[in-house]
Amino acid sequence: MAIAASELPVELREVVLKNKPDSMLQISPKATVPVLQLADSVLEESLDIMQWALAQSDPLQLGLSDDELITINDNEFKHWLDRYKYADRYPEMTAEEYRSRACEFLMSLEQQLEQHTFLTGEKMSFTDLAIFPFIRQFAYVDIQWFNNSKYHKLVQWLNLMLEHELFTSVMSKYDAWQEDTVGVQFPEMDNTSE
Ligand SMILES: N[C@@H](CCC(=O)N[C@@H](CS)C(=O)NCC(=O)O)C(=O)O
């Protein structure tokens, strides 16, 4: 989403995690996605990629942020989210217990959203982009529970983000990239208008 927002052109290489290309493992032995290969360096963390893109070009004025909310999201919340999502792999606690641990963070977000439409103000910002994918994952573990929860503002915010063109525009499905081929040009050329 940050790259789409920046409108910087990249070559997209869709990776199937069960069959990672050798050339990806060579430049990034860490072996996680996303990976961004630049002319003289490799970025292997989503936040670094977001910052790289938006530092150069930010037409939507999302800004750059190392907000405390992002730190809590990437550490505490992600920890409980993974356990809530895969509770059968972590039998020490029930899914409901994992969910209630994760909810501490949801309450912080709800408090922000009681003050403004997005997490840091009336406009969507870097912080919204960084946190949204994780709240989306959390919500879809049990969407009925989420939609009926007490986090009313968060439910509204998630829907705003899900409907936002920036999100829908990056949700196309791509075929896996094959070694020694050219990936997909992104943003894709709009060939609907003559
Ligand atoms: N902190 C990293 C996390 C990256 C990460 O864990 N990505 C997952 C997919 S969402 C992955 O590539 N896992 C490796 C695998 O499943 O083999 C980032 O934000 O870039």
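Here, the structure is the one placed above.
What this report covers is the structure whose coordinates are included nearby. (Residues numbered from 1 in each chain as written. Predicted model: local features only at pLDDT ≥ 70, side-chain atom pairs only at ≥ 80, totals over all residues. Heavy atoms only, no water.)

## Some details on the overall build of the protein
Consideration 1: From N to C terminus, the protein includes nine helices and four strands.
Consideration 2: The order of helices and strands in the protein, counted from the N terminus, is α-β-α-β-β-α-α-α-α-α-α-α-β.
Consideration 3: Overall, the protein is about 50 × 40 × 30 Å in size when its C-alpha atoms are taken along their principal axes.
Consideration 4: Relative to its 194 residues, the protein shows a buried fraction of 37%.
Consideration 5: Look at the contacts in the protein between residues 6 or more apart in sequence, and 64% of them connect residues 24 or more apart.
Consideration 6: When the accessible surface of the protein is split by element, carbon and sulfur atoms take 49% of a total near 11900 Å².
Consideration 7: Measuring between centres, the 15 positive side-chain charges of the protein sit 8 Å from its 33 negative side-chain charges. (Helix = DSSP H or I, 4+ residues; strand = E, 2+ residues; numbered from the N terminus. Buried < 20%, exposed > 50% of the residue type's maximum accessible area, 1.4 Å probe, protein only. Contact = heavy atoms within 4.5 Å. Areas by Shrake-Rupley, 256 points an atom, 1.4 Å probe, with all protein chains shown as cover. Lys, Arg positive; Asp, Glu negative; His and termini not counted. Charge placed at Lys NZ, Arg CZ, Asp CG, Glu CD.)

## Observations concerning helix 5 (residues 95–115)
Consideration 1: The terminal C-alpha atoms of helix 5 lie 30 Å apart, and with 21 residues this matches the ideal 30 Å at 1.5 Å per residue to within 8%.
Consideration 2: Of all the bends found along helix 5, the most pronounced is centred on E104 and spans about 30°. (Expected span 1.5 Å × (residues − 1). Bend = angle between axes of the 7 residues up to and from the residue.)

## Things to note about helix 8 (residues 152–163)
Consideration 1: In this model, helix 8 (12 residues) spans 17 Å end to end at C-alpha, consistent with the 16 Å of a helix rising 1.5 Å per residue.
Consideration 2: Of all the positions in helix 8, only L154, V155, W157, L158, M161 and L162 are classed as buried. Taken end-on, helix 8 shows its buried residues confined to a sector of 165°, consistent with a single buried face. Summarising the geometry of helix 8, the exposed residues directed more than 90 degrees from the buried face are H152 and E163. (Arc of directions from axis to C-beta.)

## Some thoughts on the packing of helix 4 (residues 68–85) against helix 6 (residues 126–141)
Consideration 1: Axis separation between helix 4 and helix 6 bottoms out at 10 Å; the angle between their running directions is 15°. Classified by the angle between their axes, helix 4 and helix 6 sit roughly parallel to one another. With respect to the hand of their crossing, helix 4 and helix 6 are arranged in left-handed fashion. The segment helix 4 lies against helix 6, with L69, I70, N73, D74, F77, K78, L81, Y84 and K85 engaging F126, T127, A130, I131, F134, I135, Q137, F138 and V141.
Consideration 2: Taken together, the residues of the contact of helix 4 with helix 6 break down into 12 nonpolar, three polar and three charged. (Axes fitted to C-alpha atoms, helices over the stretch in contact; angles between N-to-C directions. Parallel < 35°, antiparallel > 145°, perpendicular 65-115°, else oblique. Left-handed = near helix turned anticlockwise from the far one by under 90°. Nonpolar A, V, L, I, M, F, W, Y, C, P; charged D, E, K, R; others polar.)

## What to know about the packing of helix 5 against helix 8
Consideration 1: Taken N-terminus to C-terminus, the directions of helix 5 and helix 8 make an angle of 80°; their axes are 8 Å apart at the nearest point. Judged on the interaxial angle alone, helix 8 and helix 5 are roughly perpendicular. In contact with L106, L109, E110, L113 and E114 of helix 5, helix 8 contributes H152, K153, L154 and W157.
Consideration 2: Grouping the constituent residues of the contact of helix 5 with helix 8 by class yields five nonpolar, one polar and three charged.

## Focus: the site of the ligand
Consideration 1: All residues adjacent to the ligand are L17, K20, A31, T32, V33, P34, E44, E45 and S46.
Consideration 2: K20 is positioned with one of its side-chain polar atoms (N or O) 2.5 Å from an oxygen atom of the ligand.
Consideration 3: Between a nitrogen atom of the ligand and a side-chain N or O atom of E45, the distance comes to 2.7 Å.
Consideration 4: Its free accessible area being 510 Å², the ligand has 55% of it covered by the protein chains.
Consideration 5: Split into classes, the residues belonging to the shell around the ligand amount to four nonpolar, two polar and three charged. (Near = heavy atom within 4 Å. Polar contact = N/O pair within 3.5 Å; in protein donor to acceptor, adjacent residues only side chain to side chain.)

## Here's the deal with the pattern of salt bridges
Consideration 1: Under the criterion given, the structure shown has four salt bridges.
Consideration 2: Taking the shortest distance from any N to any O, the salt bridge between R99 and D142 comes out at 3.9 Å. Placement of the pair is R99 in helix 5 and D142 in the loop between helix 6 and helix 7 (143–147), with a sequence separation of 43 residues. (Salt bridge = Lys/Arg side-chain N within 4 Å of Asp/Glu carboxyl O.)

## Concerning the packing of aromatic side chains
Consideration 1: On inspection of all chains with the given rule, the structure shows nine aromatic pairs.
Consideration 2: Each ring, one from F77 and one from F105, has its centre 5.1 Å from the other, and the planes form 40°; the classification is tilted. Within this pair, whereas F77 is found in helix 4, its partner F105 is found in helix 5, the two being separated by 28 residues in sequence. For the residue pair F77 and F105, the accessibility class agrees, reading buried in each case.
Consideration 3: Judged by centre distance (6.4 Å) and plane angle (80°), the rings of F132 and W157 are edge-to-face. Remark: W157 occurs in helix 8 and F132 occurs in helix 6; sequence separation between them is 25 residues. (Phe/Tyr/Trp six-rings, centres within 6.5 Å; stacked < 30°, edge-to-face > 60°.)

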